[in-house]
Amino acid sequence: MIRIKHINADACFLITCLPSHAPETASGTYPGAFTILVDPWLSGPSMVWHSRFALTEHVVPACVDSLLDLPTPDLILVSQDKNDHCNQGTLTQLPSDVDALILGTGAAAKKIKSWKHFTGDQVHGLARFDPRKEDSVFRIVLPATSEDGTAGEVTVALLAPKADLVGLHNALAVTYRAPSSSRPAMARNPSSQRQPFSAPTTRTGTPSLFSNKSRSSTPTASSLKSFPPPQAGQERTISLLYSPHGVDYSPLVASYATNHLLSSSALPLTALIHCVDGIANPWYLGGTICSGSPSGIQIAKALGAEVWVGAHDEEKVNTGLSLKLTFTKYDRAEIREMIAAVDVEELVEGRRAGVTELVELDPGQEICVKPK
């Protein structure tokens with residue numbers, strides 16, 4: 001299971017991955033648990049180049065004053081090098097020898113290293129996911145919880161479309177397979193554990209959210225019946241896609257789903273953390289900043305996401321010459337209607353596949369999701 005806690009009103013989350021037998025309230029110290037802190041920015045301004053160019057500040061305070069008020073995470077993920085995701089004032093609240101792995105985009109890792117704050121080998125840049133390169137997926141082994149058990153694994157992949165020249169519209173993809181205290185039994189019919197899979201249709205570009213074209217061409221959940229179950233005796237692998245600025249269901253994302261999530265028995269997607277509303281600058285100042293619900297609906301439907309948690313939708317104070325922002329607030333009821341516009345009678349492991357639940361969390365609020 002996975003527990004997602006919103007730390008600020010923007011894009012910072014504390015994610016706790018737990019074995020299915022753990023209590024919902026179990027902490028990150030529970031045997032086999034793994035904790036992830038994403039894009040920490042707690043307070044202070046976020047500036048691009050100069051305060052006169054672009055300055056952003058929180059309106060709603062975070063649920064903690066310092067990262068020291070949180071349990072030390074096992075992993076810190078940084079999705080980009082912009083200050084509202086890679087914030088020096090917040091990250092350097094951690095001890096220089098913090099016992100946590102820090103993974104980010106290449107630009108984010110380079111920026112963090114330039115601070116010369118962390119003294120160990122904690123900071124690493126992620127390579128762009130490439131299905132032809134096995135080492136483009138970062139793997140972390142979780143030790144078995146007993147001598148007779150099997151090891152678990154956490155994987156992290158950076159889904160960064162080449163067309164995203166400004167480096168905003170990527171996704172960090174995470175899977176978690178819990179370690180066990182006993183070896184799983186052999187499947188009676190191993191061949192039945194892998195079923196044919198047809199990748200959902202992909203599209204490029206962002207449609208008008210409520211247009212007829214969007215309704216007819218958005219990937220549907222018709223492929224849910226093809227999601228293979230985990231091997232006998234193993235838990236379903238938890239899967240998470242984090243994209244605060246939004247990412248389309250592109251060939252790259254589809255390739256990750258078919259080449260990694262499918263083989264890991266990590267579909268349907270456990271959780272999608274994705275912006276709900278849209279934000280744009282004029283084209284000469286970078287264009288789309290947050291793609292919002294059109295791309296979120298694509299992902300949720302195509303991968304059968306069990307829950308969609310809104311991210312990066314805080315109404316902040318924005319000043320500066322470069323910020324000529326246009327905001328698009330999407331109607332939540334219509335979003336839920338579009339997500340539900342699929343055949344929900346498809347079966348996953350003999351169970352009815354539910355419609356993606358759209359959730360928006362205030363700072364300090366959390367949700368617990370148990371994969372079906």
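Just so we're clear, the structure is a prediction, and the values are computed from it rather than from any experiment.

S.K.: What am I meant to see in the nonpolar core here?
M.R.: Side chains that are nonpolar tend, in soluble globular proteins, to be buried together. Counting residues in each nonpolar core, the largest one holds 35 residues, and the members touching the most others are Ile15 and Ile273. With residues up to four places along the chain from it excluded, the contact list for Ile273 reads Ile4, Phe13, Ile15, Leu240, Leu241, Tyr242, Ser243, Pro244, Val309 and Ala311. Of all hydrophobic cores here, the second largest spans 33 residues; its members include Leu159, Tyr256, Ala302 and Ile339.

S.K.: Before we go on, may I ask you to explain helix α2 (residues 106-114) in this structure?
M.R.: Since the α-helix turns once every 3.6 residues, residues separated by three or four places project in the same direction. What α2 keeps buried is the set Ala108, Ala109 and Ile112. Projected down its long axis, α2 carries its buried residues within an arc of 95°, all on one side.

S.K.: Is there a simple way to explain the side chain of Gln80 in this structure?
M.R.: As for its placement among the helices and strands, Gln80 is situated in the loop between β6 (75-78) and α1 (88-91). Judged by its relative accessible area of 2%, Gln80 is buried. Looking at Gln80, its side chain comes within polar contact range of the side chain of His245, at 3.4 Å. Contact partners of Gln80, with chain neighbours within four places excluded, come to His85, Cys86, Thr105, Ala108, Gly167, Leu168 and His245.

S.K.: Sorry, what's going on with the pairing of strand β1 (residues 2-6) here?
M.R.: Put simply, side chains in a regular strand alternate between the two faces of the sheet. Most of β1 sits out of view: 4 of its 5 residues are buried. Here β1 pairs with strand β22 (residues 366-369) via 4 bridges, running antiparallel. By the bridge assignment, Arg3 is partnered in β22 with Cys368. The pairing of β1 with strand β2 (residues 13-17) spans 5 bridges and is classified as antiparallel.

S.K.: Help me understand the sheet that holds strand β15 (residues 288-290) in this model?
M.R.: Hydrogen bonds along the backbone pair up the strands of a sheet, which may run parallel or antiparallel. Strand order in the open sheet formed by 3 strands is β15-β14-β18, and the pairing between neighbours is antiparallel. This sheet does not close on itself; its edge strands, each paired only once, are β15 and β18 (326-328). Geometrically, the sheet is characterised by an average inter-axis angle of 25° between neighbouring strands, direction not taken into account. Bridging between strand β14 (residues 278-280) and β18 involves 3 bridges; their strand directions are antiparallel. Within β18, the residue paired with Gly278 across the bridge is Thr328.

Cut-offs applied
- Residues numbered from 1 in each chain as written.
- Predicted model: local features only at pLDDT ≥ 70, side-chain atom pairs only at ≥ 80, totals over all residues.
- Heavy atoms only, no water.
- Core = buried A, V, L, I, M, F, W, Y, C linked by side-chain atoms within 4.5 Å.
- Buried < 20%, exposed > 50% of the residue type's maximum accessible area, 1.4 Å probe, protein only.
- Contact = heavy atoms within 4.5 Å.
- Helix = DSSP H or I, 4+ residues; strand = E, 2+ residues; numbered from the N terminus.
- Arc of directions from axis to C-beta.
- Polar contact = N/O pair within 3.5 Å; in protein donor to acceptor, adjacent residues only side chain to side chain.
- Pairing = 2+ DSSP bridges.
- Axes fitted to C-alpha atoms, helices over the stretch in contact; angles between N-to-C directions.

What is shown is where atoms sit, not what they do.
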